[in-house]
Amino acid sequence: MLKKIKQFDFSKLYPFAFTIFFVAILFQYSFSNLEAVFYDMRVKYDFGISFLDNIVIITLDEESDDFLGESYPYTYATHNRLLKRIIEEKPVVVNYLVHLDEPESDRTELELDKFKDTIKEFTSSGGAFRFGTDLDTWGEQLPPERLRDVGYSLAILNVDNAVFARDDVSRKTILNYSGEDSLHLWAANAYRRRTGYLPLKLNDINGAYYVRESDATFVNFRYYENTVEGKGKIKKIPFHRVVVGNFPKGFFKNKLVLIGPSYLSNASDFVMTPYDRESYSSPKIGVHASIIESLIQNKTVVQVPRLFSYVLSLLLGLVLAYVINRIKPTHGLVFTLVTILSVIVLSYVLFSLFGLWIYLAHILLTIFAVYYIWVPFRAIGEYQRRYAIQEETKLLKKVENLKQNFISLMSHDLKTPVAKIAGIADVAIHKYGSADPGVRFEFLRIVDATKELNKFITSILDLTKIESSNLSLNKVSKDINTVIEQVCDNLKFEAGQKNIKIEKEITPLYPIQIDVTLINRVISNLVENAIKYCEENTQVIVKSWDDEKWVYIEITDNGDGIPKEDLENIFEKFYRVKNDKSHEIKGSGLGLYLVKYFVELHGGTIVCESNIGIGTTFRIKLRNE
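Residues numbered from 1 in each chain as written. Predicted model: local features only at pLDDT ≥ 70, side-chain atom pairs only at ≥ 80, totals over all residues. Heavy atoms only, no water.

A word on the overall build of the protein chain
Here's step 1: Scanning the protein chain from terminus to terminus reveals 19 helices and 23 strands.
Here's step 2: Taken over 625 residues, the protein chain has a buried fraction of 45%.
Here's step 3: The contacts of the protein chain with a sequence gap of at least 6 include a subset with a gap of at least 24, amounting to 74%.
Here's step 4: Carbon together with sulfur atoms contributes 56% to the accessible area of the protein chain, which is approximately 33,800 Å² in total. (Helix = DSSP H or I, 4+ residues; strand = E, 2+ residues; numbered from the N terminus. Buried < 20%, exposed > 50% of the residue type's maximum accessible area, 1.4 Å probe, protein only. Contact = heavy atoms within 4.5 Å. Areas by Shrake-Rupley, 256 points an atom, 1.4 Å probe, with all protein chains shown as cover.)

Next comes the structure, spelled out in structure tokens:
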């Protein structure tokens, strides 16, 4: 065990340790602004909360001021006329988000009482009515004293300016403040009761959390429409049109009605939302509607604990580090991008289907960090491997040069003694061969052996030239048929010894550009091989023909053939077919390799077809030029 530990390369763990260290540093920062971007993106494209046409908004605005000849917040008489128009349509809930003034005269008090009577008429018939109040530096802005017994609740929009992204975007709402339900929760429960659903308790609302310092319970709500002015689906109608009855019949029937200001000239009537993070272009009244609708459907946001994101970040980082280290850099980039996309899509689906808010900032930053940590490590590793390969290549080149020089020197030095041996054998044949036939036969065997050795040395020298790229073509214009005739004439004696007939089926050809010496060796090698591997009393057929692009040469024998498993390797260096006949016939295994190389050096090709027991055909194609 200790031996294995000592042998382990701990340097491989450095990137993993660095990854963990860097991710741990990331955990020290919240990256709330970045997280807000991902959060708002999910809110904007949330398919999990459906649009239900159950809220109508009535706006007090510049158009109504001009039509009515009044200014905000209008007279109680006007509000009474509005409310009478509404309750004739039998709505379910009416919420007033208008800050009404205290009456300043007996007449105003009388109008206030009539307005209050209309409210009681509505509530006594089963409707729900409530005022929404706001907070300022002096505290809660309560309704006029004589209307407070009708009922009021806090209706403020909580903007994110202290805790999360601090960008003044409205993402959460107050459910309960100092033990009292907010207007949003009260309105949602009033609507749910009157439409056959159970009211929500704080414990029933997903993601609700209590903040002791504020003595309030909060929850992140889900927008169910684009709140930017003019882009939402909620029905909106100006105050004055309702007062004069200019709206379709049944417009408010079974609806929750929100009444509040929306003055373009008053910036305080607008708020920033995930749909408009840069400007105040969403009316507050529309955001109130979204909060109430989110509670009606009980579709709020549950923040998954950040510890989950931290653990997932670390696991993804380690997995990503391992995978990137094992695969190609391009595949690593693709894997990283797929991981990022998968995390974003999964978090979006979980948000839309279950309202789960997974903190994404650390996860995505971890993925980016791990990738950019491992890329340099991979680059260093690749550089080290490349350097090692370069050094190894240099060494191999030196060894190869030494080998080629050795073979070249040895081959040249061998040619001289081989030639001397052949010369001495020739002299001996003439001097002693006529006296004793047995001696003559042995000297002839020596001559044949020197010829075989000389061919082998020549092949080695050619291979050396090829591998050192010193072989060059000496092309001349030549009729290929002349070369074929010459080769066949030179090999008549070898063919006659086995009673093999060389048949020539040649077609008149135009001269082509070839290196005569090399092509002669190509054809000689193939015809000589055909003679070697043919049985006695058979024939070797040599054909030639041409077309517009190519000149063809074909050598066919009637030998035993080449096995299929050997056919694809016969042009390899030093490869010889493994059978009984190949052991009897001498050869270096370089002949066909050189043949193929010489043909391809001319820009041609050579193929071999063979059938066991029938024979073998080699077909050469040379450029007809």
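Next comes the rest of the account.
A closer look at the packing of helix α16 (residues 516-533) against helix α19 (residues 591-601)
Here's step 1: Contact geometry of α16 with α19 gives a least axis separation of 9 Å together with a crossing angle of 140 degrees. For the pair α16 and α19, the sense of crossing is left-handed. Residues Leu-518, Arg-521, Val-522, Asn-525, Leu-526 and Asn-529 of α16 form the contact with α19, whose participating residues are Gly-591, Leu-592, Leu-594, Val-595, Phe-598, Val-599 and Leu-601.
Here's step 2: Residues belonging to the contact of α16 with α19 are distributed by class as follows: 9 nonpolar, 3 polar and 1 charged. (Axes fitted to C-alpha atoms, helices over the stretch in contact; angles between N-to-C directions. Left-handed = near helix turned anticlockwise from the far one by under 90°. Nonpolar A, V, L, I, M, F, W, Y, C, P; charged D, E, K, R; others polar.)

Remarks on the side chain of Asn-95
Here's step 1: Looking at the secondary structure, you find Asn-95 in strand β2 (residues 93-96).
Here's step 2: Excluding its chain neighbours within four sequence positions, the residues that come into contact with Asn-95 are Arg-130, Leu-183, Trp-186, Ala-187, Leu-256, Val-257, Leu-258, Ile-259 and Ile-292.

Thoughts on the nonpolar core
Here's step 1: Formed by 45 residues in total, the largest nonpolar core has its most connected members in Ile-55, Leu-256, Leu-258 and Ile-292.
Here's step 2: Elements supplying a minimum of two residues to this core: α3 (32-44), β1 (55-60), α7 (183-194), β10 (216-221), β12 (256-261) and α9 (284-296).
Here's step 3: Per-element accounting of this core gives the leading share, 7 residues, to α9. (Core = buried A, V, L, I, M, F, W, Y, C linked by side-chain atoms within 4.5 Å.)

Let's talk about the sheet that holds strand β20 (residues 539-546)
Here's step 1: An order of β18-β20-β21-β23-β22 is seen for the 5 strands of this open sheet, with the pairing classed as mixed. The two strands at the open ends of the sheet, each matched to only one other strand, are β18 (501-506) and β22 (605-611). Pairwise comparison of adjacent strand axes, ignoring direction, gives a mean angle of 15 degrees for this sheet.
Here's step 2: Strand direction decides the pairing type here: β20 and strand β21 (residues 550-556), joined by 6 bridges, are antiparallel. Paired with Val-542 across the bridge in β21 is Ile-555.
Here's step 3: Set on the sheet, helix α14 (residues 480-490) makes contact with β18, β20, β21 and β23 (615-623); between it and β18 the angle comes to about 175 degrees. (Pairing = 2+ DSSP bridges.)

Things to note about the packing of aromatic side chains
Here's step 1: Tallied over the entire structure, the rule returns 23 aromatic pairs.
Here's step 2: Between the aromatic rings of Tyr-76 and Phe-115, the centroid separation amounts to 6.2 Å while the plane-to-plane angle is 50 degrees, which identifies the pairing as tilted. With Tyr-76 in helix α5 (residues 76-87) and Phe-115 in helix α6 (residues 106-124), this pair connects stretches of sequence that are 39 residues apart. With respect to class, Tyr-76 is no different from Phe-115; both count as buried.
Here's step 3: A network of ring pairs unites the aromatic residues Tyr-76, Tyr-96, Phe-115, Phe-129 and Phe-131 as a single cluster.
Here's step 4: In this structure, Arg-222 packs its charged tip against the face of Phe-351, placed 5.6 Å from the ring centre.
Here's step 5: The positively charged end of Arg-306 is found above the aromatic ring belonging to Tyr-359, 4.0 Å away from the centroid. (Phe/Tyr/Trp six-rings, centres within 6.5 Å; stacked < 30°, edge-to-face > 60°. Lys NZ or Arg CZ within 6 Å of the ring centre and 35° of its normal.)

A look at a negative patch on the surface
Here's step 1: A surface patch of negative charge is lined by Asp-101, Glu-102, Glu-104 and Glu-145.
Here's step 2: Its location among the elements puts Glu-145 in the loop between β4 (139-141) and β5 (152-154).
Here's step 3: The class of Glu-145 is exposed, set by a relative accessible area of 57%. (Patch = residues over 30% accessible without salt bridge, like charges linked within 9 Å, V, L, I, M, F, W, Y side chains within 5 Å. Salt bridge = Lys/Arg side-chain N within 4 Å of Asp/Glu carboxyl O. Lys, Arg positive; Asp, Glu negative; His and termini not counted. Charge placed at Lys NZ, Arg CZ, Asp CG, Glu CD.)

With respect to the environment of Asp-53
Here's step 1: Structurally, Asp-53 can be placed in the loop between α3 and β1.
Here's step 2: With near-sequence residues (within four places) excluded, Asp-53 lies in contact with Lys-235 and Lys-255.
Here's step 3: Side-chain polar atoms of Asp-53 contact the side chain of Lys-235, separated by 3.1 Å. (Polar contact = N/O pair within 3.5 Å; in protein donor to acceptor, adjacent residues only side chain to side chain.)

A word on the packing of α5 against α6
Here's step 1: The interhelical angle for the contact between α5 and α6, taken along N-to-C directions, is 15 degrees, at an axis separation of 8 Å. Between α5 and α6, the interaxial angle falls into the category roughly parallel. Considering only the axes of α5 and α6, their crossing is left-handed. For the pair α5 and α6, contact is made by Tyr-76, Ala-77, His-79, Asn-80, Leu-83, Lys-84 and Ile-87 and by Thr-108, Glu-111, Leu-112, Lys-114, Phe-115, Thr-118, Ile-119, Glu-121 and Phe-122, respectively.
Here's step 2: In the contact of α5 with α6, the residues fall into 8 nonpolar, 4 polar and 4 charged. (Parallel < 35°, antiparallel > 145°, perpendicular 65-115°, else oblique.)

Considering helix α10 (residues 306-326)
Here's step 1: The end-to-end C-alpha distance of α10, which contains 21 residues, comes to 30 Å, matching closely the 30 Å that a straight helix rising 1.5 Å per residue would cover.
Here's step 2: Where α10 is concerned, the buried positions are Ser-309, Ser-313, Gly-317, Leu-320, Ala-321, Val-323 and Ile-324. Axial view of α10: buried residues confined to an arc of 170 degrees, hence all on one face. The exposed residues of α10 that point more than 90 degrees off its buried face are Leu-307, Leu-315 and Arg-326. (Expected span 1.5 Å × (residues − 1). Arc of directions from axis to C-beta.)

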